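# Close look at the chain arrangement
As a plain string of letters, each chain reads:
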Amino acid sequence: MKPLAITAGTVLSAIGHGLEATEQALLARRSGLTPCDFAGIRTGFIGRVPDVEKHGLEGVPTGFTCRNNQLADMACMGGGFVQAVQAARAFYGAGRIAVVLGTSTSGILSAEEAYRAVDPISGYPPEGFDQARTQDLFSLPRFLAARLGLEGPLLSVSNACASSSRAFVDARHWLEAGLCDAVVVGGADSLCQMTLRGFASLGLVSPEPTRPCDAGRSGISVGEGAGFALLEREGARPDATVMARWVGYGVSSDGHHMSSPDPQARGAVAAMREALERAGLGAHQIDYINLHGTGTSVNDAMEDHAVQAVFGPEVACSSTKGWTGHTLGASGIIEAMFAVVMMRAGFAPGCLHVTRLDPAFGSRVLTQTVHMPLRRVMSNAFGFGGTNCSLIFEAV
Amino acid sequence: MKVVLQGISVWGSGLSGWSHAARVLQGQERWEPAPVQLPSASCLPANERRRSGPLARLALAVADEACTHAGVQAADMRGVFASSNGDGAVVDSILSALSTPEGQVSPTQFHNSVHNAPAGYWTIGHGMLAPAVALGCFDWSFAQGLLKAAAECVVEDAPVLFVAYDLPIPGPIGKVRVSEHSFGCALVLHPHPAPAGLCVLDVSHDPGRVAHDVPACAGLRQLAHANPAAAGLALLQQIASAQAGEVYLASQPGSLRVMVQPC
């Protein structure tokens, strides 16, 4: 593929807001996981962003107020992201910048609250419940476009936990088709009862902070977060500062099972191989793989199998879910921004909380921070429904 | 963006597959709302068929018919699945369960609640590795989905299966997000002129122009307003007419213009 430039980016997760805070937390090996204290649920640990519910939205219709859009709004602030988007808008025009975002559950917490206040006679939710601007999946790009003053085409991608990774691919399709000159890409997912209780019902929530790749791993810790990046053609805007280049992607399906990955890892292998092929790279040219690495027994075993098949035992890899928890549909953009942070600072953060690496694993899983130059990072995301996405980023 | 329409399907309330729907769209038969009798999702193994709900079965019915109509292998097609409401029945059931003191969620319902569940069943049914994306764009799901599918077809230089489907939402959400009838449609798009092509669709987006064509007959107009996936009925009517013409569809923001040129 013709590489695209990432000219601005922002990230918010339980470990902090912005690239600098993220870098410090990753280097300090400081996890953001805390015992679950959300909506009366006390199972396991969560990666909660503090004070989301206190954050007010300004300059947009009040109906957009929900935890997911509050997270998205918080992520936008600071770090020069809004200013960078404004500069791109002044150059290209508002109608030439698309907004393509991934989310798995949007503002469903608002619907959960509305259900507890349904009128028992009429069956109506309370009057203040604005379904279209909160729970609906399209709420997020509509909100962000209003927030940033963008008027290009909007898209909501909802491929479960691969949503905001897959959004990069959909953004590229619109960009390369000439429908826009730049795209705000990324996504957000926020804590809600549905995902906390849903993953618990599948027996996938770890009672302790998640420990991806550990022999005794026992599931995920659910997290929340948001992130956005500005994508544009290389060299199209002379004043743009390039943070990183996006050079390859692979997307595939498992065609196997709704909630369990294919143990043969055919889909994951296909996504990684396609990403290398599109980037014109050999496996040895990837310096580090940021694993999907959720901490479930089956995901991590499948992914190790896939990484071995494509990369053998040489390429360093690890999961950052021990810091953030599994931020579901937002994990793709959050970990894309982590890749930018790692390439700029030159380090690969080994998995957190590992006491004994799974002895069955054959790939080179890091469990300590390794300081080394990273020219290229592969970032994986897999989701329910058997959906896979691998992205490759390159340092500038 | 020019793409070639190779195959098409419509199933929904009072619309039983493309050959029937085409007669209704051409005005040869009146549209009468009636419960949809879908063909069985024969591609799914029995246990997956049991787990899948009416929404996935609707999506699979139109996807399968469009591929058959186009004479293409389902497993080779990149998928673009668009739905505003997703599986409203599953979400309603989970939200109702969460509002009880126990708050227990069914694991099968939880994995069926993901917006890409119909796409997941489709890829499982055909044991396929080809990618599928799931989009949710409220009232503009058909238009945004078509814009995405056409762009993917052209940029990837590969055939794309576009599927749009929506059902009414039960329960409290359905009181404020009112959709009526069931409706699904699927288009097989090819990047190059193909022998089996029905027509060329030239799709463009204008963020500044507000325009929206609706079907000529009152019944279909009501359906187009009542179900988000049916918002493209004016385009389907133009395709069924086998005449050249242009159709505007409301997009977010602005509108899509689709020029239809029979092959």
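Residues numbered from 1 in each chain as written. Chains lettered and ligands numbered in written order. Predicted model: local features only at pLDDT ≥ 70, side-chain atom pairs only at ≥ 80, totals over all residues.

### Here we look at the overall build of chain A
The line we're drawing: Put simply, DSSP H or I for four residues or longer makes a helix, DSSP E for two residues or longer makes a strand, and each gets a number counted from the N terminus. Atoms counted for the radius of gyration: C-alpha only. Globule rule: 2.2 Å times residue count to the power 0.38. Three classes are used. A residue is buried when 20 or more other C-beta atoms lie within 10 Å of its own, exposed when 12 or fewer do, and partly exposed in between, with C-beta atoms placed from the backbone.
For chain A, the count of helices and strands is 11 helices and 17 strands. A globule of 396 residues ought to have a C-alpha radius of gyration of about 21 Å, and chain A, at 20 Å, matches this closely. Taking the principal axes of the C-alpha coordinates as reference, chain A spans close to 60 × 50 × 40 Å. Evaluated residue by residue, chain A yields a buried proportion of 66% over its 396 residues.

### Some remarks on the pairing of strand 9 (residues 255–262) of chain B
Residue and element names in this part refer to chain B. Using the following cut-off: Here, strands pair whenever DSSP counts at least two bridges between them.
Bridge count between strand 7 (residues 199–206) and strand 9: eight bridges; the pairing is antiparallel. Among the inter-strand pairings, leucine 201 is bridged to a residue of strand 9, identified as valine 260. Relative to strand 9, strand 8 (residues 245–250) runs antiparallel, the two being bridged by six bridges. Pairing of tyrosine 248 across the sheet is with arginine 257, part of strand 9. What sits between strand 8 and strand 9 in their antiparallel hairpin is a turn of four residues, with glycine 254 showing a positive phi close to 75°.

### Quick word on the nonpolar core
Selection criterion: By our criterion, buried Ala, Val, Leu, Ile, Met, Phe, Trp, Tyr and Cys residues that link up through C-beta atoms within 7 Å make up a nonpolar core. The domain boundaries here were taken from an automatic or database domain assignment. Contact between two residues is assigned whenever their backbone-derived C-beta positions fall within 7 Å.
Counting 237 residues, the largest nonpolar core has Val183 of chain A together with Val62 of chain B as the members making the most contacts within it. In terms of residue count, the dominant contributor to this core is helix 3 (residues 54–70) of chain B (11 residues). Each of domain 1 (4–233) and domain 2 (247–394) of chain A gives at least three residues to this core. Valine 62 of chain B has contacts with Ser9, Val10, Trp11, Val163, Tyr165, Gly184, Cys185 and Ala186 of chain B, leaving out every residue within four places of it along the chain.

### Describing the interface of chain B and chain A
Which entries qualify depends on this criterion: Three residue categories are used. Nonpolar comprises Ala, Val, Leu, Ile, Met, Phe, Trp, Tyr, Cys and Pro, charged comprises Asp, Glu, Lys and Arg, and polar comprises the others, including Gly.
Contact with chain B, which involves 52 residues of that partner, is made by 55 residues of chain A. Among the elements of the structure, helix 4 (88–98), helix 5 (107–112), helix 6 (117–125), strand 4 (132–135), helix 7 (141–156) and helix 8 (171–176) of chain B are those that each provide at least two residues to the side of chain B that touches chain A. Looking at the side of chain B that touches chain A element by element, the count peaks at seven residues for helix 7 of chain B. Its residues assigned to classes, the side of chain B that touches chain A comprises 30 nonpolar, 18 polar and four charged.

### Describing the sheet that holds strand 8 (residues 222–223) of chain A
Residue and element names in this part refer to chain A. Strand order in this open sheet of three strands is 3-4-8, and the pairing throughout is mixed. Strands with a single pairing partner mark the edges of an open sheet, and in this sheet they are strand 3 (34–35) and strand 8. By the bridge criterion, two bridges tie strand 4 (residues 45–47) to strand 8 in an arrangement that is parallel. Directly across from glycine 47, in strand 8, lies its bridge partner glycine 223.

### A short note on helix 9 (residues 297–311) of chain A
All names here are of chain A. The test is simple: A helix is expected to reach a length of 1.5 Å times the quantity of its residues less one.
Relative to the 21 Å expected for 15 residues at 1.5 Å per residue, helix 9 spans 21 Å between its end C-alpha atoms, a close match to the ideal helical length. Taken as a whole, helix 9 has its buried residues at Asn299, Asp300, Met302, Glu303, Asp304, His305, Ala306, Val307, Val310 and Phe311. Along its buried surface, helix 9 packs onto helix 8 (266–279), strand 11 (288–290), strand 12 (316–318) and strand 16 (376–383). Phi turns positive one or two residues past the end of helix 9, at glycine 312, with a value near 70°.

### Considering the confidence of the model for chain B
Close inspection of predicted coordinates is inappropriate in any region flagged by low pLDDT. Just so we agree on the cut-off: pLDDT measures how confident the predictor is about each residue, on a scale from 0 to 100.
For chain B, the mean per-residue pLDDT works out to 96, and 100% of the residues sit at or above 70. Predicted complex metrics record ipTM = 0.98 and pTM = 0.98.

### Focus: helix 3 (residues 81–92) of chain A
Residues and elements named next belong to chain A. For clarity, the threshold we go by: Throughout, the arc means that of the directions going from the helix axis to the C-beta atoms.
When the terminal C-alpha atoms of helix 3 are compared, their 17 Å separation across 12 residues agrees well with the 16 Å that a helix rising 1.5 Å per residue should span. Taken together, the buried positions of helix 3 are Phe81, Val85 and Ala88. The buried side chains of helix 3 occupy one side of the element, clustering within an arc of 60° when seen end-on. Opposite the buried face of helix 3, by more than 90 degrees, sit the exposed residues Gln83 and Ala90. Directly beyond the C-terminal end of helix 3, a positive phi value near 95° is found at glycine 93.

### Digging into the domain arrangement of chain A
All names here are of chain A. For chain A, the domain assignment lists domain 1 (4–233) and domain 2 (247–394). Listed as interface residues are 60 residues of domain 1 and, on the opposing side, 53 residues of domain 2. For the side of domain 1 that touches domain 2, the secondary structure elements donating two or more residues are strand 1 (4–13), helix 1 (18–28), strand 4, helix 6 (163–176), strand 7 (182–189), strand 8 and strand 9 (225–233).

### Considerations on unusual backbone geometry
The peptide bond linking glutamine 252 of chain B to proline 253 of chain B adopts the cis configuration, its omega dihedral lying at -5°. Note that proline 253 of chain B resides in the loop between strand 8 and strand 9. Of note, the phi angle at arginine 29 of chain A is positive, near 55°, even though the residue is not glycine. With 14 C-beta atoms packed within 10 Å, arginine 29 of chain A lands in the partly exposed category.

### Some remarks on the packing of helix 6 of chain A against helix 7 of chain B
Worth spelling out the cut-off: Angles here are taken between N-to-C directions and fall from 0 to 180 degrees, while the axes themselves are lines fitted to C-alpha atoms, restricted in helices to the stretch in contact. Oblique is the label for every angle not falling under 35 degrees (roughly parallel), over 145 degrees (roughly antiparallel), or within 65 to 115 degrees (roughly perpendicular).
In the contact formed by helix 6 of chain A and helix 7 of chain B, the axes pass within 8 Å of each other and the chain directions differ by 75°. Considering the angle they form, helix 6 of chain A stands roughly perpendicular to helix 7 of chain B. On the side of helix 6 of chain A, the interface is formed by Asp170, His173, Trp174 and Glu176 of chain A, while helix 7 of chain B contributes Lys148, Ala151, Glu152 and Val155 of chain B. Classifying every residue of the contact of helix 6 of chain A with helix 7 of chain B gives three nonpolar, one polar and four charged.

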